[in-house]
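Fold and geometry: a report
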Amino acid sequence: MLKRLIFFSLLTCVFISSVTVVHAATADLFVTDYTNHAVYRIDGDTGENLGVFATLDYPTGLTFGADGDLYVSKRNSDQVVRFDGDTGSAIETFISSGLSITCDLAFGPDGNLYVSSNGAETIVQSDGTSTQPFAQSALLAGPHGFLFHSDGDLYVVGNRSLNVVRFDGDTGAIIGEFTSGATLVHPIDLEFGPDGNLYVSDYSADKIFRFDATTGAYIDVFASLNSAHGMEFGPDGNLYVCSWDDGQIVRFDGTTGEFIDVFVSGLSSPAYLTFAPVVADAETIPEPMSIILVLLGTSFCCVKAKTKSNS
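This structure is a prediction, so every number in the text was calculated from the model and none was measured.

One pass over the structure, following the stated rule, counts eleven salt bridges. Taking the shortest distance from any N to any O, the salt bridge between D28 and R41 comes out at 3.0 Å. Residue D28 is located in the loop between β1 (18–23) and β2 (29–33), and its partner R41 is located in strand β3 (residues 38–42); the two are separated by 13 residues in the primary sequence. Judged by relative accessible area, D28 falls into the buried class, the value being 16%. Overall, R41 belongs to the partly exposed group, its relative accessible area being 27%. For R160, the salt bridge goes to E121, with nearest N and O atoms at 2.9 Å. With a gap of 39 residues between them, R160 in the loop between β14 (154–158) and β15 (163–167) and E121 in the loop between β10 (113–117) and β11 (122–126) connect regions that are remote in the sequence. On the basis of relative accessible area, E121 is assigned to the partly exposed category, the value being 27%. Salt bridges here are not isolated pairs; linked through shared partners, they connect D67, D69, R82 and E92.

Sheet architecture is open: four strands sit in the order β21-β22-β23-β24, paired in antiparallel fashion. At either margin of the open sheet sits one strand with a lone partner, and together these are β21 (228–233) and β24 (259–264). Taking the axes of each pair of neighbouring strands and ignoring which way they run, one obtains an average angle of 25 degrees across the sheet. The sheet contact formed by strand β23 (residues 248–252) and β24 spans four bridges and is antiparallel. Following the sheet pairing, V250 is matched in β24 by V262.

Reading guide: rules and limits
- Residues numbered from 1 in each chain as written.
- Predicted model: local features only at pLDDT ≥ 70, side-chain atom pairs only at ≥ 80, totals over all residues.
- Heavy atoms only, no water.
- Salt bridge = Lys/Arg side-chain N within 4 Å of Asp/Glu carboxyl O.
- Helix = DSSP H or I, 4+ residues; strand = E, 2+ residues; numbered from the N terminus.
- Buried < 20%, exposed > 50% of the residue type's maximum accessible area, 1.4 Å probe, protein only.
- Pairing = 2+ DSSP bridges.
- Axes fitted to C-alpha atoms, helices over the stretch in contact; angles between N-to-C directions.

Written out as structure tokens, the structure reads:
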């Protein structure tokens, strides 16, 4: 009788008294290398180059879709190619026409893919079947990096108009020029940082400029590096920036802008980068308090059983 009580108490502990603990997984980094005609996969922890993930001519922008696949723009042939997000195998040419000198790309809140068509002076919208202009203005020349912000609006770098222009994220209607007060020379990419402010990389100025997120006013030079190109704040909160001429990805403290290290070296012309979506892994473990309660119950039953056997 006593052995049965212990057995069933432990069984209850295993099947009932458990909790799920979620562990954050490290995201790998993917970078387009323009003159090596490749997308490389980088270990997100160590910066080790894990090798060529996908190959295509003159890749520039890249982004993961909700389907888990990787979408990459080809600058010279003005196409967007879709790759399997796990294996890097080419699936299809997602956009085959309607672009001119492709640069960056991103999925919008509506699920459509948007591409900066630098030669056509516009941000293009595509559902994979049809492609049409979405956002353009006389204020914007040479659209390059862009993003949809949490405020719902679209922010675009003009690398010939030397500014950042803001559009309505739903309609593509012009809102106005957003940045002011800094001498941009050849701006490339932009990101909103953990502090909420806007960061702009400038290839020819060799700097990352910071602007107020509300007013667009210039704040300061956040970081400096040679030929700053595509950039992104990583899962660790730090800023990762492509150095096109040096063939490197440089990491800066996301709060102070202080240089941390050369995270990746040995590339040729790194253009844009992105971190893979983080998929958390879960582990089911016994809940300590429930174990204690079950063991106390077991002890009580044991005492009762022993008392009954002695009476």
